[in-house]
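Descriptive structure summary
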Amino acid sequence: MNISLNGKTAVVCGSTAGIGKAIATQFAQSGASLILVARNQEKLDTLANDLPGQHKTYVADFTNIEIVKEVAEKIAAENQVDILINNTGGPPAGPAHKAPAEEYTSAFNLHLINNHNMAQACIPNMQKKGFGRIINIISTSVKIPLNGLGVSNTIRGAVGNWSKTLANELGSFGITVNNILPGATATERLSSIISGKSVKTGQAIEDVEKAMLAEIPAARFGQPEEPGYAACFLASDFASYINGTNVVVDGGRTGNL
């Protein structure tokens, strides 16, 4: 099976680091034209130049939902978007009952509202073309809440149900909406979580890592490329009958199917 995204245009949010960068790389190598979105123009330009093919860049700070909405509308007006990757860094760690209400509001805007505005801008042209892929990078907490990630657990669940609702509404237009749920993946986000646990518990970073690895049947952390491979498949024609579901990429850590 050779996956080709030739002739497809893909928006990749959060594209200059971690899983977003890995997805952008896989898509470019598969022939897609990319619209790279992140908050740092210099990093965007570097990535666009490093990847094979010709790509566009748009700057947006995802902490500002109005800016993201404006950029989303500009992208949709200037391009025929076939594939949308919604991907944003997670909210701060901490217990749910101690989180200020503002953290929930901020995370809701960061994830659900930004995802919605990006999708809403791109959907009309997808409907006209009769083809579209919306892929949301979320978390395994959609299935089982993760200890110490109270705000994230809450908001990720909302995004998961929003995604399923969109899938039900848009399937007849040839548009699929799916979620990728990465587990512990070797990114800056994971390093931050491990460092935070180390500070709060007094454990050495190596001991925190060892405890996390003990929960993963694969006995290792994931690499950003691995959810990237899943995204590439879901974006392809081969996945046209996969819709409204969660694809878990976690080495077997999640405790249910």
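Structure report, in brief.

Calculation notes
- Residues numbered from 1 in each chain as written.
- Predicted model: local features only at pLDDT ≥ 70, side-chain atom pairs only at ≥ 80, totals over all residues.
- Heavy atoms only, no water.
- Helix = DSSP H or I, 4+ residues; strand = E, 2+ residues; numbered from the N terminus.
- Rg over C-alpha atoms; globule rule 2.2 N^0.38 Å.
- Buried < 20%, exposed > 50% of the residue type's maximum accessible area, 1.4 Å probe, protein only.
- Contact = heavy atoms within 4.5 Å.
- Areas by Shrake-Rupley, 256 points an atom, 1.4 Å probe, with all protein chains shown as cover.
- Salt bridge = Lys/Arg side-chain N within 4 Å of Asp/Glu carboxyl O.
- Pairing = 2+ DSSP bridges.
- Axes fitted to C-alpha atoms, helices over the stretch in contact; angles between N-to-C directions.
- Core = buried A, V, L, I, M, F, W, Y, C linked by side-chain atoms within 4.5 Å.
- Phe/Tyr/Trp six-rings, centres within 6.5 Å; stacked < 30°, edge-to-face > 60°.
- Lys NZ or Arg CZ within 6 Å of the ring centre and 35° of its normal.
- Parallel < 35°, antiparallel > 145°, perpendicular 65-115°, else oblique.
- Left-handed = near helix turned anticlockwise from the far one by under 90°.
- 1 Å grid on protein atoms, 1.4 Å probe; cavity = no way out; pocket = protein on both sides within 12 Å on 5 of 7 lines; lining within 4 Å.
- Points joined across faces, edges and corners; volume = space filled by probe spheres on them.
- Nonpolar A, V, L, I, M, F, W, Y, C, P; charged D, E, K, R; others polar.

Here we come to the overall build of the protein. The helix and strand inventory of the protein stands at 8 helices and 7 strands. At 18 Å, the protein has a C-alpha radius of gyration in line with the 18 Å of a compact globule built from 257 residues. Taking the principal axes of the C-alpha coordinates as reference, the protein spans close to 55 × 40 × 40 Å. By residue count, 47% of the 257 residues in the protein fall in the buried class. Restricting to contacts in the protein with at least 6 residues of sequence separation, those with at least 24 account for 70%. A total of about 12,200 Å² of accessible surface is found on the protein, and carbon and sulfur atoms cover 51% of it.

Tallied over the entire structure, the rule returns 3 salt bridges. Here D82 ties to K129 by a salt bridge, and the two come within 2.6 Å at their closest N and O atoms. With D82 in the loop between α3 (65-78) and β4 (83-86) and K129 in helix α4 (residues 101-129), the pair connects residues that are 47 residues apart, well separated along the chain. Here E226 ties to R220 by a salt bridge, and the two come within 2.7 Å at their closest N and O atoms.

A word on the sheet that holds strand β6 (residues 175-182). Taken in spatial order, the 7 strands make up an open sheet running β3-β2-β1-β4-β5-β6-β7, and their pairing is parallel. Single-partner strands in this sheet number two, and they are β3 (56-59) and β7 (246-249). Here the average twist between neighbouring strands, direction ignored, is 15 degrees. Relative to strand β5 (residues 132-137), β4 is paired through 4 bridges, and the arrangement is parallel. Considered in β5, the bridge of L84 is made with I134.

Relative to the elements of secondary structure, S30 occurs in the loop between α1 (18-29) and β2 (33-38). In the structure, S30 is positioned 117 residues away from N147 in sequence and 37 Å away in space, judged by C-alpha atoms. Residue contacts for S30: discarding those within four places in its chain leaves I3, S4, L5, N6 and C232.

Turning our attention to the nonpolar core. Side chains that are nonpolar tend, in soluble globular proteins, to be buried together. Formed by 36 residues in total, the largest nonpolar core has its most connected members in V11, V37, I75, L84, M118 and I134. Of all elements in the fold, only β1 (9-13), β2, α3, α4, α5 (150-170) and β6 reach the threshold of two or more residues within this core. When residues no more than four places from it in sequence are discounted, the contact partners of I75 are V11, I35, V37, Y58, V81 and M118. Counting residues in each nonpolar core, the second largest holds 27 residues, with L51, I85, I135 and L234 among its members.

Glancing now at the packing of aromatic side chains. By the definition in use, this model includes 0 aromatic pairs. The ring of F131 has K8 sitting right over it, with the charged end atom 4.8 Å from the ring centre.

Running from N to C, helix α6 (residues 188-201) and helix α7 (residues 205-214) cross one another at 115 degrees; their axes reach a closest spacing of 9 Å. As summarised for this structure, α6 and α7 are arranged roughly perpendicular, according to the angle between their axes. Handedness of the α6/α7 crossing: right-handed. Between α6 and α7, the residues in contact are L190, I194, K197 and S198 and I205, V208, E209 and M212, respectively.

All right, on to empty space enclosed by the protein then. The tally for this structure, following the rule as stated, stands at 1 cavity of 30 Å³ or more. Each pocket or cavity is described by its volume, and for the largest cavity that value is around 60 Å³. Every residue lining the largest cavity is listed: N86, N87, T88, H111, N115, I137, I138, R156 and V159. Among the secondary structure elements, those contributing two or more residues to the lining of the largest cavity are α4 and α5. A class-by-class count of the residues in the lining of the largest cavity yields 3 nonpolar, 5 polar and 1 charged.

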